[in-house]
Amino acid sequence: MLRRKTSAGGSQGYHSLARSISGDTRHFLDGVGSGSVQPLREYALPFAEKRRLRAIQEANIKYLSNWQQWRQTTRKSMRKYIEDTKELSSYLELWRHDIRSIEGKFGTGIQSYFSFLRFLVMLNFVIFLLVFSFITLPNILFRHDVVNGSYVKLSLERTELHCTIYQVTRTKGLTYFYSYLIDLLSGTGFLEMTSLFYGYYSVDTIHLGHLKYQVPLAYLLTTLAYLSLSFVWIVKRAVEGFKQSLVGSEDQFQSYCNKIFAGWDFCITDVNAAQLKHCSLQYELKTDLEEERLRQKVAERTTQEKIRIYCFRIFLNAIVLAVLAACFSSIYRATVYSQENISNDSKTRFEDSLLVQYLPSMVITIANFIAPLFFSLIIKFEDYSPAFEIRLTLMRCVFVRLANVGVLLFSLWTRIKSCPDEKCKACGYNYKLYPCWESQIGQEMYKLMIFDFIIIFAITVLVDFPRKLMVTHCSFKAFRWCGLQEFAIPDNVLDIVYGQTICWIGTFYCPLLPVIATIKYFLVFYIKKISLMHTCKPSARPFRASSSNFFFLVVLLIGLILAFIPVGLSMTHIPSSKACGPFVNFQHSWNILYHTINQFPDMLQKTLYGIGSEAFAVPFFMVICLVMFYLVALAGAHKRVVNQLREQLALESRDKLFLIRKLTEAQRLR
């Protein structure tokens, strides 16, 4: 009884102490009384106050019940275990030392690019493990008689015989040595029927005891799984970056204060990088003042001036559309020419055959190089603010890079769907030119991936290093004026986003493309690191890490969404090849889902078809809209509260200035 009274009295004493104070101390003491206290280091309190609260916490332990003491001890042990695990995993993190050294010499902006590159390496490696485990490994085990199963059996009653003929190029007779090199670079010949491409996967069912593993179903579901996994992973990281970017979306006055009082990057240790940061902060302040001047200039424009500027912008955008149309037309014509002139003759010259194979890739690379230069030149005449100029130029570059891949696929699918006679219409696609069209699209994606890496390596070795040598060791003024190559973060990000979009699109047709992308980005990391350390200088207008990470992920998310479109259309609208692959018995690869659902019990079939019907989709869409409306309204309410709190802080600061002024006047009167 005495202990119970003491416990109650002690608890009341702590609650009375909690009521006499405010803020974090009150919150901590409330947790002490209930036994659910957070770590003391998470509170923003002075050290003396933390020592006093630590003593109170230790004195309060004897007043807790056995259950509360066990909970508190368990919580501390679990928290320490999690912290130790995170600390150990940080030491095992890929390129941890390299990225920290880059951060120390060049700041967090360039460090964010290499962290983004590491994220893509991990993402592609996880996609490779997913595809290899559920698609490639079962086929390899069956072909080596490790497990029992069966191949896909084509029903000739529903398929014409001429649609099933498929002969791999350059696999018979005497071949020259350089033909193997062409096959290695283009994915043809001996690589065409390996596990690298779609045509290899002709296994239907694998028997695992009493279980049956349906490889076609696993192929489709794995494709949906890696796309969904990429979407969730990117959105999760983007939300974290968006929270940080909201901090930078304050008004101009707070932006000036942040740049002046909190703009320095304390990760910089290199003298040259520190001088560059000084210039960068000075440039940002000049840019803000220039934007203020431009806003004032825009507000003072007359109606006649506005009409003139808008007409000129329309004219310039028409020129931009014309450039895009020229790029798209060139890619379309190059693809058609390449597909028409790919020769199966082994006596064709090495240079001619390789040039024809890589003609679409080269045209796409030239378009990706010329169009951004033109966009950056024409944007100067559109009279936009500097910040909007950068955003608009970047969005145009993103569009032209990703749209070029779309035009390539469109030109291929146009030829695949073109049927000159009745035999072709019976197959649903041009079986003469594309007997296994999925593998041939996979070859195009494979060539784009290989050629993109060759271009990155060639620019570093043949352009950046010679430029460094000329600027350093030559005394000509032209070389001095040219200067070192700047490490342009947006351009480098667009390069790897372009390659990642190719990987997402091509994995359905080339299942081992993620491991190629993993090796590619692994090598690109060291290529870019060497280039940064020895041949480049940081950009004169670096990005902050918070805004950079969010921007990179938004651009990557755009690439992923655009990758959904061609993959989804090929699954649902283009007939599957009847000569190769796991879907030869289905009109479209998507039909494997309906075939699987029809084998379920009747009740489960009705449930699944009901979920996919309009009767379920319309109410579900309405509920989602109501939830979104509620979240938008809640966000608006929170924003208004934040604005009110900012106004209160401003009023409190003015009151303090008023009191200080009055106190100063009173001291003067004395």
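In this text, all values refer to a predicted model and were calculated from it rather than measured experimentally.

### Considering the overall build of the chain
Okay, step 1: If you tally the helices and strands in the chain, you get 23 helices and five strands.
Okay, step 2: Expressed as a percentage of the 670 residues in the chain, the buried residues total 41%.
Okay, step 3: For the chain, the proportion of contacts with a sequence separation of at least 24, taken over those separated by at least 6, is 74%.
Okay, step 4: As presented, the chain carries roughly 38,600 Å² of accessible surface, and 65% of it is formed by carbon and sulfur atoms.

### A word on the sheet that holds strand β3 (residues 211–214)
Okay, step 1: One open sheet accounts for three strands, arranged β1-β2-β3; its pairing is antiparallel. In this open sheet, the two strands that pair with only one neighbour each are β1 (148–151) and β3. Mean inter-strand twist for the sheet, computed between neighbouring axes without regard to direction, equals 20 degrees.

### Observations regarding the state of the cysteines
Okay, step 1: Going through the model one piece at a time under the given rule, you end up with one disulfide.
Okay, step 2: Here C510 stays free of any disulfide, with the sulfur of C503 as its closest cysteine sulfur at 8.9 Å.
Okay, step 3: C510 gets classed as buried once you look at its relative accessible area, which sits at 0%.

### Here's the deal with the environment of I234
Okay, step 1: Its location among the elements puts I234 in helix α8 (residues 215–247).
Okay, step 2: Residues within four places of I234 in sequence aside, it is in contact with F119, W504, L553, L556, L557 and L560.

### Some words on the confidence of the model for the chain
Okay, step 1: On average, residues of the chain carry a pLDDT of 77, and 80% of them reach 70 or more.
Okay, step 2: Low confidence marks residues 1–22, where pLDDT is under 50. Its contacts with residues over four positions away, or in another chain, come to 19 contacts.
Okay, step 3: Contacts for the low-pLDDT stretch residues 343–347, under 50 throughout, to residues beyond four places or in other chains number eleven contacts.

Definitions and cut-offs
- Residues numbered from 1 in each chain as written.
- Predicted model: local features only at pLDDT ≥ 70, side-chain atom pairs only at ≥ 80, totals over all residues.
- Heavy atoms only, no water.
- Helix = DSSP H or I, 4+ residues; strand = E, 2+ residues; numbered from the N terminus.
- Buried < 20%, exposed > 50% of the residue type's maximum accessible area, 1.4 Å probe, protein only.
- Contact = heavy atoms within 4.5 Å.
- Areas by Shrake-Rupley, 256 points an atom, 1.4 Å probe, with all protein chains shown as cover.
- Pairing = 2+ DSSP bridges.
- Axes fitted to C-alpha atoms, helices over the stretch in contact; angles between N-to-C directions.
- Disulfide = S-S within 2.5 Å.
- pLDDT = per-residue confidence, 0-100.

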